[in-house]
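Here are the chains, one letter per residue:
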Amino acid sequence: MSTKAIFRIAALLIAATAATLASAQDRNLRIDNDTGVTLYRFYSTNSGSTTWGSDVMGSSTLPSGSAMNLNFDNSFGYCEFDFLAVFEDGTEIQHDNVNVCEIGDYHYSE
């Protein structure tokens, strides 16, 4: 087997391992609201998308001092998401490129 073929096989194995690890990432995230204001709506989308997903809060709200757990598992293996939080007083906070594979808690605070 040629050296070129060995490198090609090694590259394929590395790519397959990386894809397996990406799909096995923990994408569970705890959202903490410590703003003093109730969180009314929470939207997320994979970074780079031009549209927001649906409001994951539904008819629920998240009072200040509370937390909710979200699971960002997806069939595409995305780790980076954009968040849009809408609070009772109308304040909107957008954060882009949040890596849910690397963090377990995300805090909104005063």
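The rules we used
- Residues numbered from 1 in each chain as written.
- Predicted model: local features only at pLDDT ≥ 70, side-chain atom pairs only at ≥ 80, totals over all residues.
- Heavy atoms only, no water.
- Disulfide = S-S within 2.5 Å.
- Helix = DSSP H or I, 4+ residues; strand = E, 2+ residues; numbered from the N terminus.
- Core = buried A, V, L, I, M, F, W, Y, C linked by side-chain atoms within 4.5 Å.
- Buried < 20%, exposed > 50% of the residue type's maximum accessible area, 1.4 Å probe, protein only.
- Contact = heavy atoms within 4.5 Å.
- Pairing = 2+ DSSP bridges.
- Axes fitted to C-alpha atoms, helices over the stretch in contact; angles between N-to-C directions.

Trainee: I keep staring at the state of the cysteines and nothing clicks. Help me out?
Mentor: By definition, a disulfide links the sulfur atoms of two cysteine residues through a covalent bond. In total, this model carries one disulfide according to the counting rule given. With a sulfur-sulfur separation of 1.9 Å, cysteine 79 is cross-linked through a disulfide to cysteine 101. One quick way to see it: the torsion about the S-S bond of cysteine 79 and cysteine 101 is about -80 degrees, and its sign makes the bridge left-handed. In this pair, cysteine 79 is assigned in the loop between strand E3 (66-71) and strand E4 (80-87) and cysteine 101 in the loop between strand E5 (92-99) and strand E6 (105-109), connecting sequence segments 22 residues apart.

Trainee: In this structure, what is going on with the nonpolar core? I would like to understand it.
Mentor: Across soluble globular proteins, nonpolar side chains show a tendency to be buried alongside one another. Among the nonpolar cores identified, the biggest contains 17 residues, and Ile31, Leu39, Phe42, Met68, Phe72, Phe83 and Tyr108 are the most heavily contacted of them. If we skip the residues at most four places from it in the chain, tyrosine 108 touches Ile31, Asp32, Asn33, Asp34, Thr35, Phe42, Phe83, Ala85, Phe87, Ile93 and His95.

Trainee: It is not clear to me how the sheet that holds E5 should be interpreted in this structure. Could you clarify?
Mentor: Within a sheet, neighbouring strands are paired by backbone hydrogen bonds and run either parallel or antiparallel to one another. The strand order across the open sheet formed by three strands is E2-E4-E5, and the pairing between neighbours is antiparallel. Each of the sheet's edge strands pairs with one partner strand only, and the pair in question is strand E2 (39-46) and E5. Strand-to-strand twist across the sheet, computed as the mean angle between neighbouring axes with direction ignored, equals 20 degrees. Two strands pair when backbone bridges link them, and E2 and E4 are joined in this way by seven bridges, in the antiparallel orientation. Looking at E4, one finds that arginine 41 is bridged to valine 86.

The analysis is restricted to geometry; functional conclusions fall outside its scope.
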